Amino acid sequence: MNNPTANVAYKNLALIACSTQFDPTQVPQVTAILAQHGYQVSCQYLLQTVSDFGYVDTDQARANNLIQALLDPTIEVLWFYRGGGGALNLLPYLHRYKQQLLAIPEKIIVGFSDVTAIHSFLNNELGWRSIHGVNANNHLEMNSANQQPLPDIAALIAKGITYHNVLPLNASAQQTTSVSGTLIGGNHTLIGATFGTHYQPDFEDKILILEDIGVTFRQLDRYLQQLLFLKECNVKAIIFGQYYSIDPNDEERIMYKAVLQKFAAQYDKPVYYFPFFGHGKYNQPFILGESITLQRNQDSTGSDMFEYVTCIQPPLHSK
């Protein structure tokens, strides 16, 4: 099977929506922004017949559209237009086409939030890699709610990622020189919705990223208790992203971080904090389904450890 390589331009892009309805009047502006960055944009899969639940269509219609897009050999990148809700409902339909999807070349998808459900299927069931990054419509707010530069898909694949300011949250993380695993995860609500179901991810040798928005700090505490109570969650480590609102005050930032620290103190695996991905002004991309290493920073003599950890994902390699 052909896999993503640095030799592909990754400029042939299709927009798609499989969650909450979108404003069609904004689509020309979104496509123009993508075109300015060199992408050749198709809207043939950006379809909408609003359902009673406010999704872009019925579950079956959304699933059929997504499966057709995934099977389309002319598309290199499938960029999700927006999140919202409804993607989790599509998992049974995707599973019915698992064998057909396993037989085709790996395709890159981009998105976050509700798109977590689609990432999870591709990463866990197909072994594909995917990019946890901003949805296409986020670029309408480049100078306000979203200040994350548009990801260069080819550069991410060819160069990987490196983030230097990842904060260890517990003693296990502070004492760990290096930890590596395959990266999975995304939105906490979507990941949590699969716990105890057929669609729960395989956590073995994985590093889990989690982020969310719209949950109170008490609700977050309950979510984290659920993680503690899980019978099997043998991850190598957890990286928490942003949970507070887009424009938080100091008290809000401190409160959510305190809840995460409380969990980290009770957890027996390394826990890290990187509030630069998720539903915030900055949503740094990650490559899901690919290996990741968290490396403690040392001085030149190796005698002193710095406060932060460096997070590294290598260029995508053929499997």
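Here, every reference points to the structure presented above.
Quick caveat, the model's predicted, so the values are computed rather than measured. (Residues numbered from 1 in each chain as written. Predicted model: local features only at pLDDT ≥ 70, side-chain atom pairs only at ≥ 80, totals over all residues. Heavy atoms only, no water.)

Undergrad: What is the right way to read the packing of aromatic side chains from this model?
TA: The geometry of an aromatic ring pair is captured by two quantities: the separation of the ring centres and the angle between the planes. Enumeration according to the criterion identifies 13 aromatic pairs in this entry. Judged by centre distance (5.4 Å) and plane angle (75 degrees), the rings of Tyr 163 and Phe 286 are edge-to-face. Residue Tyr 163 is located in strand β6 (residues 161-168), and its partner Phe 286 is located in strand β11 (residues 286-288); the two are separated by 123 residues in the primary sequence. One exposure class covers both Tyr 163 and Phe 286, and it is buried. (Phe/Tyr/Trp six-rings, centres within 6.5 Å; stacked < 30°, edge-to-face > 60°. Helix = DSSP H or I, 4+ residues; strand = E, 2+ residues; numbered from the N terminus. Buried < 20%, exposed > 50% of the residue type's maximum accessible area, 1.4 Å probe, protein only.)

Undergrad: What should I look at first to understand helix α5 (residues 116-126) in this one?
TA: Because an α-helix packs 3.6 residues into every turn, residues spaced three or four apart end up facing the same way. Of all the 11 residues making up α5, 9 are buried; the element is thus mostly covered by neighbouring parts of the structure. Among all positions of α5, only Thr 116, Ala 117, Ile 118, His 119, Ser 120, Phe 121, Leu 122, Asn 123 and Leu 126 are buried. Just beyond α5, the residue with positive phi is Gly 127, at close to 75 degrees.

Undergrad: Sorry if this is basic, but what is going on with the pairing of strand β4 (residues 108-111) here?
TA: Remember that side chains alternate between the two faces of the sheet whenever the strand is regular. Covered by surrounding structure in β4 are Ile 108 and Val 110 together with Ile 109 and Gly 111, the residues of both alternating faces. Relative to β4, strand β3 (residues 77-80) runs parallel, the two sharing 3 bridges. Pairing of Trp 79 across the sheet is with Val 110, part of β4. By the bridge criterion, 2 bridges tie β4 to strand β5 (residues 130-132) in an arrangement that is parallel. Of the residues in β5, the one forming a bridge with Val 110 is Ile 131. Handedness of the β-α-β unit built from β4, α5 and β5 comes out right-handed. (Pairing = 2+ DSSP bridges. Right-handed = clockwise from strand over helix to strand, strands pointing away.)

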